[in-house]
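Here are the chains, one letter per residue:
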Amino acid sequence: MIPLSWYLILSAALFSIGLFGVLSRKNAVAILLGIELMLNAVNINLVSFWRYGDVSQMAGQVFAIIVFAVAASEVAVGLALVISVYRRRNTVIADELDLMKW
Amino acid sequence: MTTETLIWLIPLPPILAFFLIVLFTNRNKALSHTVAIGAALLSWLGAMIVFVRAIGTPDLGKTPFASFINWIPTADTWLKIGVQIDPFGAVTLFFVAWTVLMIFLYSVGYHNYGQPAGDHDHPGLPPHGATDEHGHQVPSVEPMYSRFFAFISLFAFGMFTLVVSDNLLTLFAGWEIMGLCSYLLIGFWYAKPSARAAAVKAFMTTRVGDVFMLLGIAFLYSATGSLSYRDIFQAQVLHTLASVPTPIFGLSAAGLIGLLLFIGTIGKSAQFPLHVWLPDAMEGPTPVSAMIHAATMVSAGVYMIIRMFPLISLDPKTMTVIAFIGTFTAIFAATIAVAQNDIKRVLAYSTISQLGFMVAALGTGAYVAAAFHLVTHAFFKALLFLGSGSVIHGMEHGVLHTGDHNVDPQNMFNMGGLRKKMPITFWTFLIGGFALSGFPLLTAGFWSKDEIFSGAFNNGHLIVFITLAVAAFLTAFYTMRQITLTFLGGPRTKEAEHAHETPWTMIAPLVVLAIFAIGYGWVGIPQDFLGLHLNPSWFHEFVGSTLAVMPAESPFSWIVFGTSLVVSLGGLFFGWLAYRNVSVPEQDKLQIPLLKNKYYFDELYNVVFIKPSYWFAETFVYQWVDKGLIDGVLHLFGKAANGIGSIIRNYFDLPVINRFFGDGTAHVTQWVGKNLRPIQSGRIQQYMLVSLIVLLAIAGLLYYLLVIV
Amino acid sequence: MTASQIFFLFVGLVILGSSLMVVTTRNLIHAALWLIVTLFGVAVLYAILNASFLAVVQVVVYIGAIAILFIFAVMLTRKDMRDSGPQLNNGWWLNVIISLLTFGGLFWMLQSWNGFSKAAADFPSNYDAVGQLGKALISPDAFVLPFEVASVLLLAALVGSVYIAFNRK
């Protein structure tokens, strides 16, 4: 059978890749893509713990659904921001959006 | 009123006059001279009453009029001061009172009271003449008239104090007051540089003598514990003083004290070597010259050593010194006097010479002769000075008349023929001159000089006798020279032609003093004069009784008498002979430069004493010590403080406190801020990176701490 | 190795590979499409885990909405259709290290947990997982509150994003 550790390692790897994407990509939209990957990794973790724990406890799945909702709203707002910024500054490269500085 | 009270009161009116004139009547000339002459009159009255009572008191020498008070408390006793009039004091009081009164009266006329104020007269300069309503130049009144009377009143106070005091302390006080007044009065016309210099010279020179005198007084006080005459002149005390030796010159204590006191006399009475101030003192007005430098102040020196005779005579070495200095001064000054052309200078040197006579007399032990000559000299010298003042006034009339101010009214070679222009002055001056020369029998000077000669001769001091005889010859010679050049012959200048007699305030004192110059001598006629058996000399009996042991009268000696006659008549004759045809200085054979320049003593003192003193004060003390050393030390302190301050500033304050702590903190903060600022770049990926790194680090740390440890 | 394990490995590879592509392609459209592949893989994984509802929701919501949204956003924020220049930051090697460290750290911490390698319990038959999930979501003593709050959250996000991205002319 598939041990729990495989799922956990998978989600850890996915999370790290998503992390890499967040840190390294220039385009702001690409950063949000990385965030999506990370959230998916979290979801995998949650569901595998639900399955490998007490199945009758629905908290795992409910948590995962909430994460869905949050991810969706976050992407919506985030992309709205990116579009708004794009309209103002005509760029989506994260390094150029550095007004919130000293 | 008891005599003692009267004696206490005699010095009082002049000092009151001084204060009244200075404080109140300064502006009013008439009131000032009234106050002054009134005071002199009161003192004269008191002095006359005391004198009359003194003459009438038998044994005044043993029981003088005396009164004293306890003044300064010393450890177990008191220092007493008081008054005492013994016979010597009485005769001194007599002549002092008369000469003071006469000179006060004379000063009114001398300073041209009643004349208009000058055209351009300045206080501090002699009055220069005024133009009256007819356009003539007339003499002008002295601008500082009241000041003069104030000063001579103060002086009179000093002299009276000196005469009536019974102790050396108040004598010294009077001595110094007179020294002060001498300074003030010689420098009366203070705007003249020569007057100022003369005043300082007089004061400084007499100061030298006064220092030694003060040493003598101090020594006396420490040896005997008292300064009063009655305590010092007790036989026991004198004996002790005479037997205690001192390490100086092998003198006994009495001798040393005597010598020190005598040095005070050398200064005050202008003996050699401190004689240089008296001729310069002629810068003062003539009444000042008469009173201070002929009759009273210089006499005070001789008065003091006559007073201290019982002490001084104890040591033969001191007496020799005194005799020597007196004799030398007499001949020395006489030789200078024959070459002087200024009428007052001749009289100044004459004064020095005559004081030398008195001092020499005392040195040979002739107590009474010295006292006698003191009294007679005061009268005729005052007379001569006042007469010369009258002559100068007459010449100044002439100068104002012709308007030629280059002519010196005091130079005898500008005079001549004044006998006809100023007769009363002439006759009184002649009487005075003859008295000075010792004209036989008629004048007081003869009798007193004769006494001195007898004293010297009979006590075996032949060198003194011969030298004094030569000096007397010269005295008569230069006196006749003076009279001839001034009064006889014809007027040599226009100014002399226009001279005329002076007012009664100046003539009357001359007449009074002339009477004394003639008459006073007769009270001292020796008992066995010319071998006749006369009454004992009143003067000798009276004054001699001051001493514990009455000195014997000198026996009459034909040699002495003959010498007196020869020197006085011979000197007078030769003086007239040599000068009756002389009209310009070039014809005067005695204008030897050495004599004219007073043996160059002034120049010698200038080089030896004055210039080194100035150098010491100006260069050594002022430049080197005060500015260099003391100010240098202070500057050093200042520089050191400055240096320390700048070291602290530059090496500690600025680098450490300012830069390190102050600026340093700012710089560090800025540097940290500047370098930390880029952390907040606004780039979110960077923020995330940093937070991840920190998170990993903290996770590792926690793992390490919680799991491994 | 059982069949399920092989299948799992295959799905895992797909997921990881496509996610790597997501973060490395230049072309953003391609990145979004690779994301869709990744999401598909994750859905399959949910299905393996007997979370059937979640698998479907993943496809519908994530792929059907979110990924499409991404594509729209990419299209709206491009100056031109070609992407030029490098797509990774300058210090990407440091990010690699960080990621590796993160992975390593997570792995290390997990493997010291004693339940790390436990096996799955059998899934009970006739167990209505979906029904139970529905009941849990709306029952007051279960998770109705988070559920309602999530819906408010979605409303807020909706309104907010509309407002932010509104194009005022």
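Residues numbered from 1 in each chain as written. Chains lettered and ligands numbered in written order. Predicted model: local features only at pLDDT ≥ 70, side-chain atom pairs only at ≥ 80, totals over all residues. Heavy atoms only, no water.

Enquirer: What's the story with the overall build of chain B in this structure? I'm lost.
Expert: Looking only at helices and strands, chain B features 28 helices and four strands. Counting only residues that meet the buried cut, chain B has 54% of its 709 residues in that class. In chain B, of all internal contacts separated by at least 6 residues, the share reaching a separation of at least 24 is 77%. Surface exposure of chain B reaches about 29,800 Å², of which carbon and sulfur atoms provide 70%. (Helix = DSSP H or I, 4+ residues; strand = E, 2+ residues; numbered from the N terminus. Buried < 20%, exposed > 50% of the residue type's maximum accessible area, 1.4 Å probe, protein only. Contact = heavy atoms within 4.5 Å. Areas by Shrake-Rupley, 256 points an atom, 1.4 Å probe, with all protein chains shown as cover.)

Enquirer: I keep staring at the confidence of the model for chain B and nothing clicks. Help me out?
Expert: Predicted coordinates in areas of low pLDDT are best not read in detail. Residue and element names in this part refer to chain B. The predicted model of chain B has a mean per-residue pLDDT of 87, with 100% of residues at 70 or higher. By mean pLDDT, the top-scoring element of chain B is helix H2 (residues 12-23) (94), and the lowest-scoring one is helix H22 (residues 494-497) (79). Both scores are given for the predicted complex: the pTM is 0.67, the ipTM 0.90. (pLDDT = per-residue confidence, 0-100.)

Enquirer: Is there a simple way to think about the interface of chain C and chain A in this case?
Expert: Quite often, the size of an interface is put as the accessible area lost when its parts meet. Taken together, the contact between chain C and chain A spans 83 residues of the former and 69 residues of the latter. A combined buried area of about 7,000 Å² lies between chain C and chain A, and 76% of that area is made up of carbon and sulfur atoms. Of all residues in chain C, C:Leu49, C:Tyr62 and C:Phe70 bury the most surface against chain A, accounting for 10% of the area lost on that side. Of the residues in the side of chain C that touches chain A, the class split is 59 nonpolar, 20 polar and four charged. (Buried area = accessible area lost by both parts, 1.4 Å probe. Nonpolar A, V, L, I, M, F, W, Y, C, P; charged D, E, K, R; others polar.)

Enquirer: Before we go on, may I ask you to explain the interface of chain B and chain A in this structure?
Expert: Contacts between the two partners involve eleven residues from chain B and, on the opposite side, 14 residues from chain A. Buried area between chain B and chain A, summed over both chains or domains, comes out near 1,000 Å², and the portion from carbon and sulfur atoms is 63%. Looking at the side of chain B facing chain A, the largest losses of area belong to B:Arg677, B:Arg683 and B:Gln685, adding up to 47% of the total buried there. Taken together, the links from chain B to chain A amount to one salt bridge. Connecting chain B to chain A are four residue pairs in polar contact (both at pLDDT 80 or more). When the residues that make up the side of chain B that touches chain A are grouped by side-chain class, the tally is five nonpolar, four polar and two charged. (Salt bridge = Lys/Arg side-chain N within 4 Å of Asp/Glu carboxyl O. Polar contact = N/O pair within 3.5 Å; in protein donor to acceptor, adjacent residues only side chain to side chain.)

Enquirer: Help me understand helix H27 (residues 601-676) of chain B, please; the structure alone is not making it clear to me.
Expert: Residue and element names in this part refer to chain B. For H27, with 76 residues, the first-to-last C-alpha span of 97 Å runs short of the 112 Å given by 1.5 Å per residue. Taken together, the buried positions of H27 are occupied by Phe 601, Asp 602, Tyr 605 and Gly 664. In this structure, the buried residues of H27 make contact with helix H7 (193-224) and helix H15 (316-337). (Expected span 1.5 Å × (residues − 1).)

Enquirer: Looking at this structure, I do not really get the environment of C:Ile164. What am I missing?
Expert: For C:Ile164, the location among the structural elements is in helix H6 (residues 144-165). Given the relative accessible area of 25%, C:Ile164 is considered partly exposed. Not counting the four nearest positions on each side in its chain, C:Ile164 is found in contact with A:Val77, A:Ala80, A:Leu81 and A:Ser84.

Enquirer: Even after reading the chapter, I still don't get empty space enclosed by the protein, so can you show me in this structure?
Expert: In this approach a probe as big as a water molecule rolls over the atoms, and the regions it shows empty are the leftover space. Residue and element names in this part refer to chain B. For the coordinates displayed, the defined rule picks out four cavities of 30 Å³ or more. The computed volume of the largest cavity comes to approximately 100 Å³. Counting only elements with at least two residues in the lining of the largest cavity, the list comes to helix H20 (444-458) and helix H25 (558-579). Classifying every residue of the lining of the largest cavity gives five nonpolar, three polar and four charged. (1 Å grid on protein atoms, 1.4 Å probe; cavity = no way out; pocket = protein on both sides within 12 Å on 5 of 7 lines; lining within 4 Å. Points joined across faces, edges and corners; volume = space filled by probe spheres on them.)

Enquirer: What is the right way to read the packing of aromatic side chains from this model?
Expert: For any pair of aromatic rings, geometry is given as the distance between the ring centres together with the angle between the planes. Residues and elements named next belong to chain B. Throughout the structure, instances matching the rule amount to 61 aromatic pairs over all chains. Here Phe 94 and Phe 516 contribute two aromatic rings whose centre-to-centre distance is 5.6 Å and whose plane-to-plane angle is 80°, an arrangement assigned as edge-to-face. Of the two residues, Phe 94 sits in helix H4 (residues 87-110) while Phe 516 sits in helix H23 (residues 504-519), which places them 422 residues apart along the sequence. Exposure class is identical for Phe 94 and Phe 516. Each is buried. Ring plane angle 50° and centroid distance 5.2 Å describe the contact between Phe 429 and Phe 487, whose orientation is recorded as tilted. Remark: Phe 487 occurs in helix H21 (residues 462-487) and Phe 429 occurs in helix H19 (residues 423-437); sequence separation between them is 58 residues. (Phe/Tyr/Trp six-rings, centres within 6.5 Å; stacked < 30°, edge-to-face > 60°.)

Enquirer: Please clarify how the pattern of salt bridges should be interpreted in this entry.
Expert: If the charged atoms of two oppositely charged side chains come close together, the side chains can form a pair. Residues and elements named next belong to chain B. One pass over the structure, following the stated rule, counts ten salt bridges over all chains. Residue Arg 307 pairs with Asp 86 through a salt bridge whose shortest N-O separation is 2.6 Å. Here Arg 307 is found in helix H13 (residues 297-307), whereas its partner Asp 86 is found in the loop between strand S2 (78-85) and H4, with 221 residues between them in sequence. Among the residues examined, Arg 307 registers a relative accessible area of 5% and is labelled buried. Its salt-bridge partner being Glu 176, residue Arg 207 comes within 2.9 Å of it at the nearest N-O pair. One end of the pair, Arg 207, is in helix H7; the other, Glu 176, is in helix H6 (residues 168-186), and 31 residues separate them in sequence. Exposure remark for Arg 207: the relative accessible area of 34% places this residue in the partly exposed category.

Enquirer: Help me understand the side chain of C:Ser18 in this model?
Expert: Residue and element names in this part refer to chain C. Summarising the element assignment, Ser 18 is placed in helix H1 (residues 3-24). Here Val 14 takes part through its backbone oxygen, which lies 2.8 Å from a polar atom of the side chain of Ser 18. When residues no more than four places from it in sequence are discounted, the contact partners of Ser 18 are Leu 13, Trp 34, Val 37 and Thr 38.

Enquirer: Help me understand the packing of H13(B) against helix H16 (residues 343-363) of chain B in this model?
Expert: The description of two packed helices rests on the angle between their axes and on the distance between the axes. All names here are of chain B. Here H13 crosses H16 at 0°, and the two axes come no closer than 11 Å. Compared by their axis directions, H13 and H16 come out roughly parallel. On H16, the residues touching Val 298, Val 302, Ile 305 and Ile 306 of H13 are Thr 351, Leu 355, Met 358, Val 359 and Leu 362. (Axes fitted to C-alpha atoms, helices over the stretch in contact; angles between N-to-C directions. Parallel < 35°, antiparallel > 145°, perpendicular 65-115°, else oblique.)

Enquirer: Is there a simple way to explain the packing of helix H2 (residues 28-52) of chain A against helix H2 (residues 28-48) of chain C in this structure?
Expert: For the pair H2(A) and H2(C), interaxial distance at closest approach is 11 Å and the crossing angle is 5°. Judged by the inter-axis angle, H2(A) sits roughly parallel to H2(C). Contact residues: H2(A) offers A:Val29, A:Ala30, A:Leu33, A:Glu36, A:Leu37, A:Asn40, A:Asn43, A:Ile44 and A:Val47, while H2(C) offers C:Leu28, C:Ala31, C:Ala32, C:Leu35, C:Thr38, C:Leu39, C:Val42, C:Leu45 and C:Tyr46. Partitioned by chemical class, the residues of the contact of H2(A) with H2(C) number 14 nonpolar, three polar and one charged.

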